[in-house]
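A structural walkthrough
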Amino acid sequence: MANKEKDVKLLGFWASPFSRRVEMALKLKGVSYEYLEQDIVDKSALLLELNPVFKKVPVLVHNGKILAESHLILEYIDQTWKSNPILPQDPYEKAMARFWAKFVDEQVGPVCFKSVVKAEKGIEIAIEEAQELITFLEKELTGKDFFGGKTIGFLDLVAGSMIPFCLARSWEGMEIDMIPEEKFPELNRWIRNLNDIEVVSECIPHREKQIEHMMKVVERIKLA
Amino acid sequence: MAKKEDSVKLLGFWASPFSRRVEMALKLKGVPYEYLEEELPKKTPLLLELNPVHKKVPVLVHNDKILSESHVILEYIDQTWSNNPILPQDPYEKAMARFWAKFVDEQILPAGFMSLVKAEKGIEVAIEETRELIMFLEKEVTGKDFFGGKTLGFLDIVAGSMISFCLARAWECMGIDMISEEKFPGLNRWIEKLNEVEIVRECIPPKEKHIERMNKIIERTMSS
């Protein structure tokens, strides 16, 4: 249970979907927080002290309690601030939200970005493999406004920070039409629905800046 | 809430720590289940039908609900059968249990197996790097019987299935004394305590068969 949050700090990075999704959750629940922008290349002493295990953003500090790993942070936020719940109550639906969120970060993210950049078996195959994975999400959305139903939930925050802004802008930079309307009508509708939500639109990184950032990441991957 | 006429099936593999940990949880909660052994690497049509996304064990089927990904399954089991809780109630302690469990599977496992076998920077460096990671867990368990406190919890089940039987046997095959008593007294005591718990003992893969299999995997990895 939280009284007035005495001290909520978030260490984040403007272009990180992992960091942005935590911001979305905090805003959704009306939690005020102090945001500390991090340089993810030249890492601050604070970041290394607070997250010695992974040395990454986001890190949430709540009244002296330190949390890392975005999914865990989202779950903690959901249990600590009860308004606008993110996860469903039902154990199975909760499991499914977690399952697909894991799928987004562990499968969709790498396959739809790094594998496309490297295109080891050629760009056409890379795109096809990426689209095969995205099709699973398309099916999950059928007949729903959001993955969470009528309102945004855990999977919307995870997929919503990863796909429409981070990955989509990478695809734009690489001139790939990854999720065309004809093949992915549900996802495209979902993205439009997301754009209408204030807490989401407040957390979208600036478009040109993000494309520029993602293209630098692309170059780094190609050179590695 | 679970009822007497529940049907619980588990698709698993005898040597998989991911599969074994689900069995531990079900036994801990006294949940009767039908176990279906997959003869990996051959995958049955049932497995491919129930887990089309990842095509892996474990898969839990509870009545008509299908779940995969071991951490997701453990959380579902904990919420569905509330006796002998696995996760703590407190949101922060819950987050910490999840954090370290993720660390075990995503950091300790690759470092403690693949990186060792390949030993790209030499075996001594690989061993040192693995020990550095394991030291985080040593600190977590110091002064406690189990990670969960006086009784087994989520992290005991995850780390117990992964480290004490799976990785420890791999290290034995490779002739590596990874977690020596002097350097890791907490963890060694924890392993002794684990061995005293009946449901854990019931879920340990048979030693010779396990070591034989580990040796084959190591050879295959070295020659690939």
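Where an unreviewed UniProt entry is consulted, chain B appears under the name glutathione transferase, with the organism given as Raphanus sativus. Listed in UniProt under the heading Subcellular location (unreviewed entry), the comment for chain B reads: "Cytoplasm, Cytosol". The annotation that UniProt attaches to chain B under Sequence similarities (unreviewed entry) is "Belongs to the GST superfamily. Tau family."

Named according to an unreviewed UniProt entry, chain A is Glutathione S-transferase originating from Raphanus sativus. Under the Subcellular location (unreviewed entry) heading, UniProt states for chain A: "Cytoplasm, Cytosol".

Brief notes about the overall build of chain B
Within chain B, the secondary structure is distributed over 10 helices and four strands. Along chain B, from the amino end to the carboxyl end, the secondary structure elements read β-α-β-α-β-β-α-α-α-α-α-α-α-α. Whereas a compact globule of 224 residues would reach a radius of gyration of roughly 17 Å, chain B reaches 18 Å, a difference of no more than 12%. Viewed in the frame of its principal axes, chain B has a C-alpha envelope of about 55 × 40 × 30 Å. By residue count, 54% of the 224 residues in chain B fall in the buried class. At a minimum sequence separation of 6, the contacts of chain B that also span at least 24 residues come to 71%. Taking the average place of the 31 positive charges on the side chains of chain B and the average place of its 36 negative ones, the gap between the two points comes to 3 Å.

Section: empty space enclosed by the protein
Residues and elements named next belong to chain A. Tallying each qualifying case throughout the model produces one cavity of 30 Å³ or more. Approximately 40 Å³ is the volume found for the largest cavity. Lining the largest cavity we find Ala-15, Ser-16, Pro-17, Arg-20, Met-24, Ser-161, Phe-165, Cys-166, Cys-203, Pro-205 and Gln-210. Looking at the lining of the largest cavity, its residues break down into seven nonpolar, three polar and one charged. When residues of the lining of the largest cavity are sorted by domain, at least three fall in each of domain 1 (8–80) and domain 2 (91–223).

So, how was this worked out
Each residue is numbered by its place in its chain's sequence as written, counting from 1. Written order decides the labels, with chains lettered from A and ligands numbered from 1. In keeping with the model being predicted, local features are shown solely for residues with a pLDDT of at least 70 and side-chain atom pairs are shown and tallied solely at 80 or more, while totals for entire chains, interfaces and linings include all residues. Note that water and hydrogens are dropped before the side-chain values are worked out from all heavy atoms of the structure. UniProt positions are given in the numbering used here, feature names are shortened, and annotations may be inferred rather than shown by experiment. Here a helix means four or more residues in a row that DSSP labels H or I, a strand means two or more in a row labelled E, and each is numbered from the N terminus. Only C-alpha atoms enter the radius of gyration; for comparison, a globular chain is expected to reach 2.2 Å times N to the power 0.38, where N is the number of residues. For every residue, the accessible area obtained with a 1.4 Å probe (protein chains only) is divided by the maximum for its type, and the residue is called buried under 20%, exposed over 50%, and partly exposed between those limits. Contacts are residue-level and defined by heavy atoms, with any inter-residue pair within 4.5 Å sufficient. We score Asp and Glu as negative and Lys and Arg as positive, and we do not count His or the chain ends. To locate a charge, take NZ of a lysine, CZ of an arginine, CG of an aspartate or CD of a glutamate. In this analysis the probe radius is 1.4 Å and the grid spacing 1 Å, with only protein atoms considered; a cavity is a set of points the probe fits into but cannot get out of, a pocket is an open set with protein on both sides within 12 Å along at least five of seven lines, and lining residues have an atom within 4 Å of a point. Grid points are joined across faces, edges and corners, and a volume is the space filled by probe spheres set on the points. Polar here means any residue other than Ala, Val, Leu, Ile, Met, Phe, Trp, Tyr, Cys and Pro, which are nonpolar, and Asp, Glu, Lys and Arg, which are charged; Gly is therefore polar. Note that domain bounds follow an automatic or database assignment of domains.

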